[in-house]
Amino acid sequence: MTVKIYVPLDSGSVALGADEVATAIAATAAKRGEDVQIVRNGSFGMYWLEPMVEVETSRGRLAYGPVAVEDVDSLFDAGFLNGSDHKRYLGHTQDIPFLKAQTRLTFQRCGIIDPVSLDDYRANDGLKGLENALKMTSEDIVKAVTDSGLRGRGGAGFPTGIKWNTVRQAPGDQKYIVCNADEGDSGTFADRMIMEGEPFVLIEGMIIAGLATGATKGYVYTRSEYPDAIRIMNEAIEVARANKLLGPKVLGSDYAFDMEVRMGAGAYVCGEETSLLNSMEGKRGVVRAKPPLPALEGFMARPTVVNNVISLCSVPVILEKGAEYYRDFGMGRSRGTIPIQIAGNVKHGGLYETAFGLTLGEIVDQIGGGTASGRPVKAVQVGGPLGAYFPRELFDTPFDYEAFAKADGLIGHAGVVVFDDSVDMMKQARFAMEFCAIESCGKCTPCRIGSTRGTEVVDKIARGEDPEMQKELLADLCETMKFGSLCALGGFTPYPVMSALTHFPDDFRPHALDIAAE
Amino acid sequence: MSATETTEEISVRVGTICDGLAGLEGPLLPILHEVQEEFGFIPEGALQTIAKKLNLSRAEVHGVASFYHDFREEKPGRHVIKICRAEACQSMGADDLSDHAKRKLKVDWSETTSDQNVTLEPVFCLGLCACAPAAMVDGKVIGRVSKDRLDRILSEVES
Ligand SMILES: Cc1cc2nc3c(=O)[nH]c(=O)nc-3n(C[C@H](O)[C@H](O)[C@H](O)COP(=O)(O)O)c2cc1C
Ligand code: SF4
Ligand code: FES
């Protein structure tokens, strides 16, 4: 009998050698005359165990990891095709504690299925949300999303239902759904993982958004840094078209919806929604002033929903199981689940989907297991390059939009980057300014010029040129950037800078900054 | 591409790319990507052709191409190595790794080695932040890159 073996195709796994392991397994099986079928699945997001290989046995799916090419022979010797013990044996995949403790609504099939098999997707309850939506009015779909309490997962936390309603009511015969898959924040990879591991849930979410608003065309705008995600999304779109999930008659109904993938060109600011729309139109990715809102005048000046990948991927389960089901997870005004991405200097780096409300300390110390280096945790940056650095003293902050704002931070796209005590916070503050200078779209002076001045001021502190005065100047500059910038790139850069200065004042003493040779 | 390719030859190849993509809504970025895929960079002579095909001015096309980090004005080396400079990779020693690469290759960011073999480029996050530090070599992703690993990669692309 053919034995099914799963080896992830997720680029995180591939970066750790999954392709070579898959090749080695195929070659070894052929040499030994074993009948195996290798399925390339998504990743479950436990990167310290990747490449994680699973074998389908009579006892269920059993995992081995991390598997190196050198392990393959001994795995066959040990009889892993029957699920035998081995030094890499991890037991039942679903019983691995990191996975078992999660609440996976959005990522429920990621890792389990073959990403581009629509049959697999259906067999695991895929398309149920869309089938329900097809029987509902657009008002009722919007109402379900509004009642679920879903807020945009792209950073700003804006209620998705309200945005959809604006587009639904906007006049216009052509409307668009634009999926923001630019995911530029350091420490974030949820968008990439779901596009690579379960692309049909994004397609399903976008079709539902189309039904809810009257849009018939969708675009996924993603980054050139994600070639694998682009390839898999394109493949899934073709499968969807061939199976009449996309096209003039979605699942045999009277609705038309089609979509395509667009690739960015290496500009962080193009994750900002209006800059993204300019980029899609073939212009420089400069930020547009609002109003007009993209909901009314978006892509090609037509009503457009711009939503993050995870926002759209959360919609199918809401339509499948109901607004209340989703709403019951979470705390305060942060409802549902959030895929937290744990990265950087951390023992158990990966994706952890759970209801809002865990404390930052629980995420870093318990789930993440502390640092990879074994040294003490010194700082944690949450929310990408525009997010604040948190010291240990703030580890009791609950993961919730409002609680983070109260602690002068932001959840952003829910990336958590851990640093051990070797980090130099003055250097991190300098980097935040430098990043803003490199990526500024150039439209406003505080962002364009202020960020360059910012790096110079930090350098002066480092050299001991009147450091106390320079620190005041830095705070002043941050204030100007915060209030004088059109978008959050210039407006939020003060978060990492000021949090570093406030929480780690000892690092802002004159000392040689070890800056990559420039 | 042969070094002697004339402006006219470039124009023909770019024109074909434009014709293939002109039907898209907002075709300029897809066209620039495909031109770069074809030549390895955006040849000066391509701008005029694209402008004409899309009914834009040459300056407008140049303005767009120069805005984005991806588009190159010069031919890169035979191999392109991108090293992630963003925070998660920094926390795992990306700065040291970058310095090491620059020393070994005797180049700074966005430069090409004198033998035209390797171009070193910075990148801000490859989405491999849980496998840091990360790099991309000729489009292939690599995680947990140590200095030794980088040395092996360099000797592979040099052989
Ligand atoms: C500089 C900057 C970069 C951004 N990058 C992203 C991004 O990569 N992905 C994303 O979904 N939103 C990003 N945003 C937020 C978007 O502008 C927008 O709020 C979001 O796409 C809306 O989708 P949502 O309502 O589903 O969150 C960024 C904003 C700014 C100011
Ligand atoms: S804050 Fe910076 S990135 Fe944002 S619009 Fe102004 S110049 Fe552009
Ligand atoms: S920060 Fe380097 S891959 Fe994300």
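Looking at an unreviewed UniProt entry, one finds chain B named Formate dehydrogenase subunit gamma and attributed to Thalassospira xiamenensis M-5 = DSM 17429. If you open the UniProt record of chain B and go to Sequence similarities (unreviewed entry), you find "Belongs to the complex I 24 kDa subunit family."

Under an unreviewed UniProt entry, chain A has the name NADH:ubiquinone oxidoreductase, NADH-binding (51 kD) subunit and belongs to Thalassospira xiamenensis M-5 = DSM 17429. Checking UniProt for chain A, the heading Sequence similarities (unreviewed entry) contains the comment "Belongs to the complex I 51 kDa subunit family."

## Brief notes about the site of ligand 2
Residues and elements named next belong to chain A. In the vicinity of ligand 2 there are 13 residues, among which Cys 441, Lys 443, Cys 444, Cys 447 and Cys 487 approach most closely. With respect to the detected pockets, ligand 2 is housed in the second largest cavity. When grouped by side-chain class, the residues that make up the shell around ligand 2 number 8 nonpolar, 4 polar and 1 charged.

## Considerations on the pattern of salt bridges
Within the structure shown, the criterion is met by 44 salt bridges over all chains. B:Lys140 is paired through a salt bridge with A:Glu20; the nearest N and O atoms lie 3.5 Å apart. Placement of the pair is B:Lys140 in strand 5 (residues 140-142) and A:Glu20 in helix 2 (residues 18-32), with the two residues belonging to separate chains. For A:Glu20, a relative accessible area of 36% gives the class partly exposed. The partner of B:Asp108 in a salt bridge is B:Lys102, with the nearest N and O atoms 3.5 Å apart. For B:Asp108, a relative accessible area of 25% puts it in the partly exposed group. Judged by relative accessible area, which is 7%, B:Lys102 ranks as buried. It is possible to trace a salt-bridge network through shared partners that takes in A:Arg430, A:Glu434, A:Asp459 and B:Arg85.

## So, the site of ligand 1
All names here are of chain A. In the vicinity of ligand 1 there are 18 residues, among which Gly 154, Lys 163, Asn 307, Asn 308 and Ser 311 approach most closely. Between Arg 153 and ligand 1, the recorded distance is 3.4 Å, taken from a backbone N or O atom to an oxygen atom. Within the backbone of Asn 308, a nitrogen or oxygen atom sits 2.8 Å from an oxygen atom of ligand 1. For ligand 1, whose unbound accessible area comes to 610 Å², protein coverage reaches 90%.

## Let's talk about the layout of surface pockets
Residue and element names in this part refer to chain A. In this model, the second largest pocket occupies a volume close to 1300 Å³. Residue lining of the second largest pocket: 49 residues in total, with Gly 154, Gly 155, Ala 156, Gly 271 and Glu 272 positioned closest to the centre. Those elements that provide at least two residues to the lining of the second largest pocket are helix 8 (160-169), helix 12 (273-280), strand 9 (304-308), helix 16 (401-406) and helix 21 (488-492). Partitioning the lining of the second largest pocket into residue classes produces 22 nonpolar, 16 polar and 11 charged.

## Describing the packing of aromatic side chains
Residues and elements named next belong to chain A. What the rule picks out here adds up to 22 aromatic pairs over all chains. Ring centres of Trp 48 and Phe 98 lie 4.8 Å apart, and the angle between their planes is 75°; on these two criteria the pair is classed as edge-to-face. Linking Trp 48 in the loop between strand 2 (36-39) and strand 3 (53-57) with Phe 98 in helix 4 (residues 97-100), this pair joins segments that are 50 residues apart in sequence. Trp 48 gets classed as partly exposed once you look at its relative accessible area, which sits at 21%. Residue Phe 98 is classed as buried on the basis of its relative accessible area of 8%. Aromatic pair Tyr 219 and Phe 299: ring centres 5.1 Å apart, planes at 70°, arrangement edge-to-face. On the criterion of sequence distance, the pair formed by Tyr 219 in strand 7 (residues 217-222) and Phe 299 in the loop between helix 12 and strand 9 is long-range, its members being 80 residues apart. The two residues Tyr 219 and Phe 299 agree in class, both being buried. One aromatic cluster is present, formed by Tyr 64, Phe 76, Phe 80 and Tyr 89 through successive ring pairs.

Definitions and limits used
Residues numbered from 1 in each chain as written. Chains lettered and ligands numbered in written order. Predicted model: local features only at pLDDT ≥ 70, side-chain atom pairs only at ≥ 80, totals over all residues. Heavy atoms only, no water. UniProt positions renumbered as here; feature names shortened; annotations may be inferred. Near = heavy atom within 4 Å. 1 Å grid on protein atoms, 1.4 Å probe; cavity = no way out; pocket = protein on both sides within 12 Å on 5 of 7 lines; lining within 4 Å. Sits in = over half its atoms within 2 Å of the grid points. Nonpolar A, V, L, I, M, F, W, Y, C, P; charged D, E, K, R; others polar. Salt bridge = Lys/Arg side-chain N within 4 Å of Asp/Glu carboxyl O. Helix = DSSP H or I, 4+ residues; strand = E, 2+ residues; numbered from the N terminus. Buried < 20%, exposed > 50% of the residue type's maximum accessible area, 1.4 Å probe, protein only. Polar contact = N/O pair within 3.5 Å; in protein donor to acceptor, adjacent residues only side chain to side chain. Areas by Shrake-Rupley, 256 points an atom, 1.4 Å probe, with all protein chains shown as cover. Points joined across faces, edges and corners; volume = space filled by probe spheres on them. Phe/Tyr/Trp six-rings, centres within 6.5 Å; stacked < 30°, edge-to-face > 60°.

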